[in-house]
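Next come the chains, spelled out residue by residue.
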Amino acid sequence: MSTPLLFTPLTLRGTTLRNRVVLSPMCQYHAVDGKVQDWHLAHHARFALGGLGAAIVEATAVAPEGRITPWCTGLWSDDHIAGWAQITKLYKTHGIVPGIQIGHSGRRGSCARPWEGAHPLALKGPGEPWQTVGASAIPEREGYPVPRELTAADIEDLVEAFRKAALRARTAGFDLIEVHGAHGYLLHSFFSPHSNKRTDVYGGSLENRMRLPLLVAETVRRVWPETLPVLYRVSSVDGVEGGLAIADTVALAKELARRGIDVIDCSSGGMTGSLSMSTAKIKPGFQVQYAEQIRREAGVKTMAVGAILDGRQAERILAESRADLIAIGRELLADPNWCLHAALALGHEQPYSVLPIGHGFFLERRAAVLDRS
């Protein structure tokens, strides 16, 4: 039997992922002053034993005011490097390419954690709020804090913050980096006509609205080693009136590819808060269509994400040439051994150990018992 596409290697520049399964970045809201804690080590240790091809750690702020909450991780200081280095070592020990997503929350920052309501801290606690910033002085929703519109000097500082964060990420041992340009955060707010009403060179036309996302991507690519890949996460469509359409994102993806971005990570929504607030209908594989269209029309590799539930579904996406990589988030939280179970479902014996040997024996015995019952 031939190897399923899900378990075939993929080489990006000089870096080879042993399979196509990638841990999607998932915020944990347990950092202290941006620093990794024991929680993060335990969180990632679960996945390090699971046989992934690559793992992208949570959205990490390039500046203190770029955090979503006061408990988000950061890379604005050299003090953050040591904590991340523990996690990159953990993944590399088990043959997984470690990656990090860097970004800035923009007007969606200074919020409470999800289980505390995810509301702006300026409305109520816990925690001290800070002044948010955005492409324009437009609040995310009616009644929410108004962000300060970034000046040209602010934008220069922002690009420099991304540059320095990328250098720190490399020092910490990451071999893959992703620029977060989705979900209503700062770069997305510049790209979307829904949130960008500027009249300078960063607003108005599609070309102008792409300017900052492309500048950041270009800057990160310039300082990131030539042999290592750079990804860019997009909200493929906003799903709200007056927002981004897929044609806009295809145009952005073409320009990103020209600037050396290796993979487009294709999410959607987030312009007015959670994805469920847009017109998108969440169902299995609901965002794969965007990865497929961007891949086909922009001529760039894509990563599919969003309600990809099992190995057979992931294999079909790859077999139909709809994406090149599969990002798994919540399903890995529920089942850190997702790769093993996907391999079993696809009849594939993985060429590397994903679990202690006894577990495979246990699964065989369990299957035999079930067959006899």
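Scroll up to find the structure this text is about.
On a predicted model such as this, the values are computed, not experimentally measured, just so you know.

(A) Spatial organisation of the state of the cysteines. Considering all chains together, one arrives at zero disulfides under this definition. For the unlinked cysteine cysteine 266, the closest cysteine sulfur is that of cysteine 27, found at 19 Å. For cysteine 266, a relative accessible area of 0% translates into the label buried.

(B) Broad picture of the packing of aromatic side chains. Applying the stated criterion across every chain yields a total of three aromatic pairs. Look at tyrosine 29 and tryptophan 115: their rings are 6.0 Å apart centre to centre, the planes differ by 80°, and that puts the pair in the edge-to-face class. With tyrosine 29 in the loop between strand 3 (21–23) and helix 1 (38–48) and tryptophan 115 in the loop between strand 5 (97–103) and strand 6 (133–134), this pair connects stretches of sequence that are 86 residues apart. The exposure class assigned to tyrosine 29 is buried, which follows from its relative accessible area of 13%. Both rings, one in tryptophan 84 and one in phenylalanine 174, keep their centres 5.9 Å apart while their planes meet at 65°; by these two values the pair is edge-to-face. Of this pair, tryptophan 84 sits in helix 2 (residues 81–93) while phenylalanine 174 sits in the loop between helix 3 (152–171) and strand 8 (176–181), placing them 90 residues apart in sequence.

(C) Highlighting the environment of glutamine 289. Position of glutamine 289 among the secondary structure elements: in helix 7 (residues 288–298). Between the alpha carbons of glutamine 289 and proline 126 there is a distance of 39 Å; along the sequence they are 163 residues apart. A distance of 3.2 Å separates a polar atom in the side chain of glutamine 289 from the backbone oxygen of phenylalanine 286.

(D) Looking closely at the nonpolar core. Core analysis: the biggest nonpolar cluster contains 81 residues, and Leu6, Tyr232, Ile264 and Ile294 have the highest contact counts within it. With eight residues, the single largest contributor to this core is helix 3. Once you skip the residues sitting within four places of it in the chain, leucine 6 turns out to touch Asn19, Arg20, Val21, Gly311, Ala314, Glu315, Leu318, Ile326, Trp338, Ala342 and Leu346.

(E) Structural view of the side chain of glutamate 178. By the element assignment, glutamate 178 lies in strand 8. In this structure glutamate 178 is buried but unpaired, with arginine 233 as the nearest side chain of opposite charge at 4.1 Å. Residues in contact with glutamate 178, not counting those within four places in the same chain, are Pro25, Ile56, Ile100, Gln101, Ile102, Leu231, Tyr232, Arg233, Asp265 and Met303.

(F) Structural view of the pattern of salt bridges. Following the criterion strictly, the structure yields 20 salt bridges and no others. Residue aspartate 262 pairs with arginine 13 through a salt bridge whose shortest N-O separation is 2.8 Å. Placement of aspartate 262 in the loop between helix 6 (246–258) and strand 10 (263–267) and of arginine 13 in the loop between strand 1 (10–12) and strand 2 (15–17) is noted, with a sequence separation of 249 residues between them. The class for aspartate 262 is buried, based on a relative accessible area of 15%. A relative accessible area of 30% places arginine 13 in the partly exposed class.

(G) Molecular detail of the pairing of strand 5. Most of strand 5 is tucked away, with seven of its seven residues classed as buried. In strand 5, alternate side chains face the same way, and those of Val97, Gly99, Gln101 and Gly103 on one face and Pro98, Ile100 and Ile102 on the other are all buried. Regarding topology, helix 2 serves as the crossover connection from strand 4 (residues 54–61) to the parallel strand 5, and that connection is right-handed. Pairing geometry for strand 5 and strand 8, over four bridges, is parallel. Residue pairing in the sheet places isoleucine 102 in a bridge with valine 179 of strand 8.

(H) Representation of unusual backbone geometry within the structure. Cis peptide bonds are those with omega within 30 degrees of zero, and the linkage from glycine 125 to proline 126 qualifies with 5°. Within the secondary structure, proline 126 sits in the loop between strand 5 and strand 6. Even without glycine at this site, aspartate 33 takes up a positive phi of about 55°. Looking at the secondary structure, you find aspartate 33 in the loop between strand 3 and helix 1.

(I) Spatial organisation of the sheet that holds strand 10. In spatial order, the strands read 3-4-5-8-9-10-11-12; together these eight strands close into a barrel with parallel pairing. Taken pair by pair, the neighbouring strands of this sheet meet at an average axis angle of 30°, ignoring direction. Of the pairings in the sheet, the one linking strand 8 to strand 9 (residues 230–235) comprises five bridges and is parallel in character. Following the sheet pairing, valine 179 is matched in strand 9 by tyrosine 232. Packing against the sheet, helix 5 (residues 206–223) makes contact with strand 5, strand 8 and strand 9, and its axis sits at approximately 160° to strand 9.

Cut-offs and rules
Residues numbered from 1 in each chain as written. Predicted model: local features only at pLDDT ≥ 70, side-chain atom pairs only at ≥ 80, totals over all residues. Heavy atoms only, no water. Disulfide = S-S within 2.5 Å. Buried < 20%, exposed > 50% of the residue type's maximum accessible area, 1.4 Å probe, protein only. Phe/Tyr/Trp six-rings, centres within 6.5 Å; stacked < 30°, edge-to-face > 60°. Helix = DSSP H or I, 4+ residues; strand = E, 2+ residues; numbered from the N terminus. Polar contact = N/O pair within 3.5 Å; in protein donor to acceptor, adjacent residues only side chain to side chain. Core = buried A, V, L, I, M, F, W, Y, C linked by side-chain atoms within 4.5 Å. Contact = heavy atoms within 4.5 Å. Lys, Arg positive; Asp, Glu negative; His and termini not counted. Salt bridge = Lys/Arg side-chain N within 4 Å of Asp/Glu carboxyl O. Right-handed = clockwise from strand over helix to strand, strands pointing away. Pairing = 2+ DSSP bridges. Axes fitted to C-alpha atoms, helices over the stretch in contact; angles between N-to-C directions.

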